[in-house]
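Observations on chain architecture
So you can see what is in the structure, the chains are spelled out below.
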Amino acid sequence: MLARPRRGAERVIPAIDTAELGRAEALAAALAPGCGALKLGLELFTAAGPEAVRRITPLAPVFLDLKLHDIPNTVAGAVRSLLPLRPAMLTLHGAGGAAMIAAAREAAEGAGEARPVLLAVTVLTSLDAGALSETGVSGGPVQQVLRLARLALGAGADGLVCSPREVGPIRDAFGETPLLVVPGVRPAGSAAGDQARTATPEEAVAAGADWIVVGRPITGAADPVAALRAIGAGLPA
Ligand SMILES: O=C(O)c1cc(=O)[nH]c(=O)n1[C@@H]1O[C@H](COP(=O)(O)O)[C@@H](O)[C@H]1O
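Residues numbered from 1 in each chain as written. Predicted model: local features only at pLDDT ≥ 70, side-chain atom pairs only at ≥ 80, totals over all residues.

1. Digging into the overall build of the protein chain
For the protein chain, the helix and strand inventory stands at eleven helices and eight strands. Relative to the globule expectation of 18 Å for 237 residues, the C-alpha radius of gyration of the protein chain, 17 Å, shows essentially globular dimensions. Put simply, the protein chain has 237 residues, and 46% of those count as buried. (Helix = DSSP H or I, 4+ residues; strand = E, 2+ residues; numbered from the N terminus. Rg over C-alpha atoms; globule rule 2.2 N^0.38 Å. Buried ≥ 20, exposed ≤ 12 C-beta atoms within 10 Å, placed from the backbone.)

This is the structure in structure tokens:
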């Protein structure tokens, strides 16, 4: 399994969100030497498929963010289908329930020592308290994140995806063991866009994030490599 990062720049995972495989490969080649892993998500995977993962895996560990969410049998089958791509990390929605997560973990064990880190997405960072309550969840994001964290970690997830705002409460409740991957990260002065629960890279890591996921502030910069380097340089070595 992918080891917990130690140095500043190893904590940064650029999100390669594009539908163009050529652009994804160019960004991946440029960013790989300066980061801990590269995140490939739904936009690239739905456009370019498994071939995108095959092309980028030789460059850096791949965090394959497909946010699986279905009945346990279907999710287990999807995990088995993904294992030959050798992703270092995989996401599934905590809201899929304990049986779904347990089925994914059992399927992932098929990769033995090389099994991917399984990360349960808690409450999407694009949801504020109002948007979350519209989905029928009252009590606010922190309470729901802690509820899903307990469920997911108990069912076999190795870690969680949460916003920077819940990192402290998760560490208080569950200690240092869960791997925490944190999107919704915005360097000071960059646009939040559709992200609702944000903080800076420094704040997220100080709170206890293992990895931070940063997409548009890097990929939309005039010089993505310089933007990545500046984020890594601001983190503790
Ligand atoms: O699972 C994720 O990585 C994820 C979970 C979440 O709650 N919020 C979130 O933004 N993400 C992903 O993190 C990346 C954030 O991209 P930027 O908003 O451009 O930095 C995107 O690829 C999202 O799909």
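2. Quick notes on the UniProt feature "active site" (unreviewed entry) in the protein chain
Residues given the UniProt feature "active site" (unreviewed entry) here are D65, K67 and D70. With respect to the secondary-structure elements, D65 resides in strand β3 (residues 62-68). You can call D65 buried: it has 25 C-beta atoms within 10 Å. For D65, the residues in contact, after removing those within four places along its chain, are K39, L40, G41 and T91. Judged by local crowding, D70 falls into the partly exposed class, with 14 C-beta atoms found within 10 Å. The residues contacting D70, other than those within four sequence positions of it, are V75 and G96. (UniProt positions renumbered as here; feature names shortened; annotations may be inferred. Contact = placed C-beta atoms within 7 Å.)

3. Let's talk about the site of the ligand
The local shell around the ligand holds 18 residues, among which A15, T125, P183, G215 and R216 are the closest. Mapped onto the shell around the ligand, the elements with two or more residues apiece are β3 and β8 (211-214). A per-class count over the shell around the ligand returns seven nonpolar, seven polar and four charged. (Near = placed C-beta within 6 Å. Nonpolar A, V, L, I, M, F, W, Y, C, P; charged D, E, K, R; others polar.)

4. A few points about the confidence of the model for the protein chain
On average, residues of the protein chain score 97 in pLDDT, and 100% of them reach the 70 mark or higher. Here the prediction assigns the complex a pTM of 0.98, and the interface score ipTM is 0.99. (pLDDT = per-residue confidence, 0-100.)

5. Re the pairing of strand β1 (residues 12-16)
Of all five residues in β1, five are buried, a share of seventy percent or more. Residue alternation in β1 divides its side chains into two sets, V12, P14 and I16 and I13 and A15, and both sets are buried. When β1 meets β8, the two strands line up parallel, connected through three bridges. Bridging across to β8, I13 finds its partner in V213. When β1 meets strand β2 (residues 38-40), the two strands line up parallel, connected through two bridges. (Pairing = 2+ DSSP bridges.)

6. A few points about the sheet that holds β1
On the basis of which strands lie adjacent, the closed barrel formed by eight strands has the order β1-β2-β3-β4-β5-β6-β7-β8 and parallel pairing. Neighbour-to-neighbour, the strand axes of the sheet open up by a mean angle of 25°, direction not taken into account. (Axes fitted to C-alpha atoms, helices over the stretch in contact; angles between N-to-C directions.)

7. A short note on helix α1 (residues 21-31)
Along α1, the positions that sit buried rather than exposed are A24, L27, A28 and L31. Taken around the axis of α1, the buried residues stretch over an arc of 100°, which confines them to a single face. Taken together, the buried residues of α1 touch β1, β2, α2 (42-48), α3 (50-56), α10 (216-219) and α11 (224-233). (Arc of directions from axis to C-beta.)

8. What about the packing of helix α5 (residues 98-108) against helix α7 (residues 141-155)?
It is the contact of α5 with α7, at a shortest axis distance of 8 Å, that shows an interaxial angle of 35°. The way α5 lies across α7 gives a crossing that is right-handed. Here A98, I101 and A102 of α5 lie close against α7, whose contacting residues are L151, A152, G154 and A155. Class assignment for the residues of the contact of α5 with α7 results in six nonpolar, one polar and no charged. (Left-handed = near helix turned anticlockwise from the far one by under 90°.)

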